[in-house]
Amino acid sequence: MGGVDPRRQVPRTDVVLADPRLQDAVARLGRPAVKAAVGAAQELVRGGRLSPSEVADAAVAALPSTAGGLRPVLNATGVVLHTNLGRAPLSRAARDAIVAAAGNTDVEMDLTTGQRAKRGRTALAALQSAVPDAGGVHVVNNGAAALVLAATALAAGKEIIVSRGEMVEIGDGFRLPDLLESTGARLREVGTTNRTSLTDYEKAINPATGFILKVHPSNFEITGFTSEATTRELSALDIPVVADIGSGLLAPDSLLPDEPDAATTLRDGADLVIASGDKLLGGPQAGLLLGDATLIERLRRHPLARALRVDKLTLAALQATLTGPETPVWQALRVSAEELRRRSLSVLERLEEKGIPVTLVESVAVVGGGGAPNVQLPSWSLSLPQRYAVALRTTATPVVGRLAGGSLLLDLRCVPPEADDDLVAAVLSVA
């Protein structure tokens, strides 16, 4: 006689769903999502890969923490602005602001008069206060959208003059020329890959010129026999200058001396500056437009601006980022190697006590997110066997590290100190 049919051992769905943890999950995530997780666990029992008594536990472990489906991850890669992990983690102030704005808000109403008001006026005021050199400000849904809006409003059917050395690819195969030409503008390339002079721009100006575009090549660096025309030089040509500074610094930062910032670029004469909100600023995904008040109003009133506008949650998070405490990005960039070594040693000791094969190694962290490619941040990492990588990425609290030299490196630079316990628990759970 054979053994008991596994299908007879599978606990009934209604019995599993009666587990208090799953009842709570139904209230948070909805019954269909929870029932699907239970069904997947039941299939594991049928395949002989799970004990019938473990179905509820497996279903609970498989469920996301929120109905959104995105899972919180511990970023132990040593890349501060990791695009695949959502770039800038928001501050507690920004997260609280999102929760507060999730219901009905005064996003477009003056509560004193009861009349319609300028959308996101308090967030825009915070942005203008952060960059007083800007005559006006506007916000759209990302940096590429900001550039598209500028090109459409200022140069559709006209020419945009841009250096060949600044014709960049911005990620995932999207190239600057394709993006700009999709707006109906024509590109007028000047100079060479490594050298572009002021004279090159002067010769290209004609009655069809819409504006000069100055792009900071933030995700690579050209060294050697190079030269470029500065924003200050270009501003003397009596043609609007649009500067895409990329990574989102609003003011100079001594840690990143080669990164352009909005305030300095405006003082150098740029008519319009474009920056990202979810990079070095440390806020939500957004495209920031700062500059001449007349130009900003022209962009704001363009029909395309309606399609590119941000929602109330982004406005709330942006304002909280601008007015709140230091962001996690700011903190991660500045945490000392000594502090990281101290924390890493503490984690290492706890793992070694449980027999985990772990060592401490010196490492280098980077800014990431297409910013400051030449900046290296001295750091320390926990080194584990490479086999831990997949298991840690797929555990209940996913931990994403960096593979190097046949090992998995876990850098605590971007892991909040209060999450060290979670990282230890994750490693022990997969050991």
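That block above? That's the structure.
Structure report, in brief.

About the criteria used
- Residues numbered from 1 in each chain as written.
- Predicted model: local features only at pLDDT ≥ 70, side-chain atom pairs only at ≥ 80, totals over all residues.
- Heavy atoms only, no water.
- Buried < 20%, exposed > 50% of the residue type's maximum accessible area, 1.4 Å probe, protein only.
- Helix = DSSP H or I, 4+ residues; strand = E, 2+ residues; numbered from the N terminus.
- Pairing = 2+ DSSP bridges.
- Phe/Tyr/Trp six-rings, centres within 6.5 Å; stacked < 30°, edge-to-face > 60°.
- Lys NZ or Arg CZ within 6 Å of the ring centre and 35° of its normal.
- Core = buried A, V, L, I, M, F, W, Y, C linked by side-chain atoms within 4.5 Å.
- Contact = heavy atoms within 4.5 Å.
- Axes fitted to C-alpha atoms, helices over the stretch in contact; angles between N-to-C directions.
- Parallel < 35°, antiparallel > 145°, perpendicular 65-115°, else oblique.
- Left-handed = near helix turned anticlockwise from the far one by under 90°.
- Nonpolar A, V, L, I, M, F, W, Y, C, P; charged D, E, K, R; others polar.

## Considering the pairing of strand 6 (residues 159-163)
At step 1: Counted residue by residue, strand 6 has 5 buried out of 5 residues, so it is predominantly covered.
At step 2: Neither face of strand 6 is left uncovered, since the one carrying Glu-159, Ile-161 and Ser-163 and the one carrying Ile-160 and Val-162 both have all their residues buried.
At step 3: Pairing of strand 6 with strand 9 (residues 186-190) involves 5 bridges; the strand directions are parallel. Note that in strand 9 the partner of Ile-161 across the bridge is Arg-188.

## Topic: the packing of aromatic side chains
At step 1: Considering all chains together, one arrives at 0 aromatic pairs under this definition.
At step 2: The lysine or arginine in question, Arg-341, covers the ring of Trp-380, its NZ or CZ lying 5.1 Å from the ring centre.

## Some words on the nonpolar core
The nonpolar side chains of a soluble globular protein tend to be buried, and buried together.
At step 1: Ranked by internal contacts, the top residues of the largest apolar core, which has 31 residues, are Leu-154, Ile-160, Leu-180, Phe-211, Leu-213, Leu-272 and Leu-289.
At step 2: Those elements that provide at least two residues to this core are helix 8 (143-155), strand 6, helix 9 (176-181), strand 10 (209-215), strand 12 (272-276), helix 13 (293-300) and helix 14 (303-308).
At step 3: Take this core: its biggest share by element is 10 residues, from helix 8.
At step 4: Residue contacts for Leu-213: discarding those within four places in its chain leaves Leu-147, Ile-160, Ile-161, Val-162, Glu-166, Leu-176, Leu-180 and Val-242.

## Topic: the packing of helix 4 (residues 31-46) against helix 5 (residues 55-62)
At step 1: Contact geometry for helix 4 and helix 5: axes closest at 8 Å, N-to-C directions at 130°. The angle between the axes of helix 4 and helix 5 places the two elements in the oblique class. As helix 4 runs across helix 5, the sense of the crossing is right-handed. Contacts from Ala-37, Val-38, Ala-41, Gln-42 and Val-45 in helix 4 reach Val-55, Ala-58 and Ala-59 in helix 5.
At step 2: Its residues assigned to classes, the contact of helix 4 with helix 5 shows 7 nonpolar, 1 polar and no charged.

## As for the sheet that holds strand 14 (residues 359-368)
At step 1: Sheet architecture is open: 5 strands sit in the order 2-14-15-18-17, paired in mixed fashion. Since the sheet does not close on itself, it has two edges, and those belong to strand 2 (79-81) and strand 17 (402-404), each with one partner. Within this sheet the neighbouring strands show an average axis-to-axis angle of 40°, counted without direction.
At step 2: Across 5 bridges, the pairing between strand 15 (residues 371-385) and strand 18 (residues 407-411) is antiparallel. For Leu-384, the partnering residue across the bridge sits in strand 18 and is Leu-408.
At step 3: Helix 17 (residues 337-353) rests against strand 14, strand 15 and strand 18 of the sheet, and its axis sits at about 20° to strand 15.

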